[in-house]
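Examining the three-dimensional arrangement
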Amino acid sequence: MSLKLNNEFVRGFVADTDVEAIRPEIENALETVKNKDGAGNDFLGWYDLPVNYDREEYDRIKAAAQRIKNMCDVLIVIGIGGSYLGARAAIEYIQGNLYNNVAKDTPDIYFAGNSISTSALNDLLKICEGKDVCVNVISKSGTTTEPAVVFRVFRELLVKKYGEEEAKKRIFATTDKARGKLKELSDKIGYETFVVPDDVGGRFSVLTAVGLLPIAVAGVDLDQLMKGAQDARAEYTTKAFEDNECLKYAAYRNVLERSGKTTEILVAYEPSAQMLCEWWKQLYGESEGKDNKGLFPASVIFSTDLHSLGQYIQDGQRNIFETVLDIQGSNDTICVPFDEANSDGLNFLAGKEIHEINRTAMKATLYAHMDGGVPNIVVEVPDRSAYSFGYMVYFFELACAVSGYTLGVNPFNQPGVEEYKKNMFALLDKPDPSLDALKAELKARMAK
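This structure is a prediction, so every number in the text was calculated from the model and none was measured.

1. Here we look at the pairing of strand β10 (residues 376-381)
Most of β10 is tucked away, with six of its six residues classed as buried. Side chains N376, V378 and E380 of β10 all project onto a buried face; the interleaved residues I377, V379 and V381 project onto the opposite face, where all are buried too. Across six bridges, strand β9 (residues 320-327) lies against β10 in parallel orientation. Residue pairing for β10: T323 is matched across the bridge by I377.

In structure tokens form, the structure reads like this:
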């Protein structure tokens with residue numbers, strides 16, 4: 001088992017009887033997922049994905065990743081939301097948050113299309129000057145404004161730099177298998193394409209081509225990544241509740257929500273986990289936040305945020321609880337040096353491994369926050385390996401689906417996200433008769 005739930009810091013807030021009371025609901029929610037008979041059941045492709053994926057495409061992903069590594073210094077991954085968060089989370093968690101700044105034999109990887117900032121885009125174009133560039137554009141439809149606009153810019157850059165024939169060898173499209181503007185363009189020009197599965201939503205797509213291609217370019221072992229997810233699936237879809245860490249996490253979350261908690265904060269003590277936290281926030285926020293329900297997902301990186309948000313967490317409103325990632329092993333070893341003069345008074349730490357000091361800070365904070373009235377669920381993860389990342393992805397995905405059904409919502413749709421898109425298209429005057437009434441309404445509101 002690659003992951004363990006430590007309930008020492010939540011037991012004082014959630015009684016065993018509370019967990020037992022909600023157990024039937026959690027078990028029924030798991031059965032709903034397994035039987036695929038609940039709301040949104042046409043987006044459950046992620047459930048069997050670790051054991052039921054396209055082997056031919058998987059091999060093509062590995063081959064394409066090797067070609068990208070051989071022919072470019074920089075890979076630009078263009079996507080928004082689930083089309084980039086999972087891949088970036090994996091790369092930074094496994095290879096480090098300074099991946100682009102350290103010596104390596106793989107390309108730098110930058111993510112674009114997740115904003116419409118001119119200055120951010122211009123900075124990225126400057127980074128690409130004088131370097132060989134490849135692009136992986138990720139969009140099921142090809143018409144989502146943010147990535148589509150940025151793809152136009154980089155497609156023009158590659159064509160001007162290399163010509164049409166060479167440029168098409170450097171552009172890889174991850175999109176719908178049969179339809180959509182990006183698929184049409186890819187077939188017309190000849191880009192190599194990979195599939196965004198119809199039955200896997202963006203926030204659950206990290207183990208599809210959406211995430212796997214950029215992750216492989218970063219030198220991550222895809223076989224170990226998938227093995228972690230396979231083992232997690234075998235663990236959490238078969239074990240009884242009392243031995244099932246995933247179901248217990250879903251139970252604690254829902255009991256705390258019913259007791260009046262409104263915000264869940266994911267806590268990590270490694271900067272390399274920051275994008276994992278961002279992925280987790282989309283996973284839970286987009287899955288549960290509907291019908292005026294759901295916990296608000298937030299995140300912090302300690303010790304950094306202990307010196308900014310720590311005061312609020314310790315003494316602010318008691319409507320929060322924390323889920324703490326205890327990453328037990330470190331990829332590196334650095335010890336505190338001895339200072340003859342002891343000028344900072346810290347020689348009592350000399351010789352101690354810094355990772356262990358970091359974990360001591362975690363334990364001290366857990367006790368402080370628990371004493372301050374904040375429940376803490378601790379998720380113990382052995383290390384930052386590809387295997388552990390794959391395991392953790394499946395843990396959080398399954399817990400999210402079970403939690404969503406227990407909460408009484410469809411965990412797989414996102415109707416609220418579509419609202420801003422319609423407004424933006426209307427305000428940008430997209431030619432579309434279905435938007436005419438909305439255009440008139442928004443213009444009238446802006447004129448007031």
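Here the narrative resumes, following the displayed structure.
2. A short note on helix α6 (residues 145-162)
A rise of 1.5 Å per residue sets the reference length of α6, with its 18 residues, at 26 Å; its end C-alpha atoms lie 26 Å apart and thus fit the reference within 8%. Residues of α6 that are buried: T145, E146, P147, V150, F151, F154, L158 and Y162. Immediately beyond the C-terminal end of α6, within one or two residues, lies G163, with a positive phi of roughly 85 degrees.

3. Observations regarding the packing of aromatic side chains
Inspection of every chain in the model, using the stated rule, returns 20 aromatic pairs. A centroid spacing of 6.0 Å and a plane angle of 45 degrees characterise the contact between Y84 and F111, whose relative ring orientation is tilted. Of this pair, Y84 sits in the loop between β2 (74-78) and α4 (85-95) while F111 sits in strand β3 (residues 108-112), and the two are 27 residues apart along the sequence. A relative accessible area of 12% means that Y84 is categorised as buried.

4. With respect to empty space enclosed by the protein
A complete count under the given rule lists two cavities of 30 Å³ or more for this structure. Roughly 70 Å³ of volume is contained in the largest cavity. As for the largest cavity, its lining consists of Y269, E270, L325, D326, I327, H355, N358, R359 and M362. Looking at the lining of the largest cavity, the elements with two or more residues in it are β9 and α14 (354-371). Here the element with the most residues in the lining of the largest cavity is α14; it accounts for four residues. Across the lining of the largest cavity, the residue classes break down as four nonpolar, two polar and three charged. Each pocket or cavity is described by its volume, and for the second largest cavity that value is around 40 Å³. Around the second largest cavity, the lining residues are R253, N254, E257, E288, G294, L295 and L407. With three residues, helix α11 (residues 245-258) is the largest single contributor of residues to the lining of the second largest cavity. Residue composition of the lining of the second largest cavity, by class: two nonpolar, two polar and three charged.

5. Here we look at unusual backbone geometry
With an omega of 10 degrees, the peptide bond between F302 and S303 qualifies as cis. Its place among the elements puts S303 in the loop between β8 (296-301) and α13 (310-315). Backbone geometry places K36, a non-glycine residue, at a positive phi of 55 degrees. Relative to the helices and strands, K36 resides in the loop between α1 (16-35) and α2 (45-48). Its relative accessible area of 35% is what places K36 among the partly exposed residues. The phi torsion at N342 lies on the positive side, around 50 degrees, for a residue other than glycine. Structurally, N342 is set in the loop between β9 and α14.

6. Focus on the pairing of β2
Most of β2 sits inside the fold, with five of its five residues counted as buried. Here β2 shows two buried faces, one formed by V74, I76 and I78 and the other by L75 and V77. Where β2 meets β3, five bridges bridge the pair, whose relative direction is parallel. From the neighbouring strand, I78 faces β3, where its bridge partner is A112. With five bridges joining them, β2 and strand β4 (residues 133-138) adopt parallel strand pairing. What sits directly across from V77, in β4, is N136.

7. A look at the packing of helix α9 (residues 209-217) against helix α10 (residues 222-236)
It is at 10 Å that the axes of α9 and α10 come closest, and there the two elements cross at 135 degrees. Regarding the angle of α9 to α10, the classification is oblique. Counted together, L212, I215 and A216 of α9 and L222, L225 and M226 of α10 form the full contact between these two elements.

8. A short note on the environment of V409
Tracing the backbone shows V409 in the loop between α15 (386-407) and α16 (415-427). Given the relative accessible area of 4%, V409 is considered buried. Distance from V409 to N292, taken between C-alpha atoms, is 9.9 Å for residues 117 residues apart in sequence. Excluding anything up to four places from it in sequence, V409 contacts S287, E288, K290, D291, K293 and G404.

Reading guide: rules and limits
- Residues numbered from 1 in each chain as written.
- Predicted model: local features only at pLDDT ≥ 70, side-chain atom pairs only at ≥ 80, totals over all residues.
- Heavy atoms only, no water.
- Buried < 20%, exposed > 50% of the residue type's maximum accessible area, 1.4 Å probe, protein only.
- Helix = DSSP H or I, 4+ residues; strand = E, 2+ residues; numbered from the N terminus.
- Pairing = 2+ DSSP bridges.
- Expected span 1.5 Å × (residues − 1).
- Phe/Tyr/Trp six-rings, centres within 6.5 Å; stacked < 30°, edge-to-face > 60°.
- 1 Å grid on protein atoms, 1.4 Å probe; cavity = no way out; pocket = protein on both sides within 12 Å on 5 of 7 lines; lining within 4 Å.
- Points joined across faces, edges and corners; volume = space filled by probe spheres on them.
- Nonpolar A, V, L, I, M, F, W, Y, C, P; charged D, E, K, R; others polar.
- Axes fitted to C-alpha atoms, helices over the stretch in contact; angles between N-to-C directions.
- Parallel < 35°, antiparallel > 145°, perpendicular 65-115°, else oblique.
- Contact = heavy atoms within 4.5 Å.

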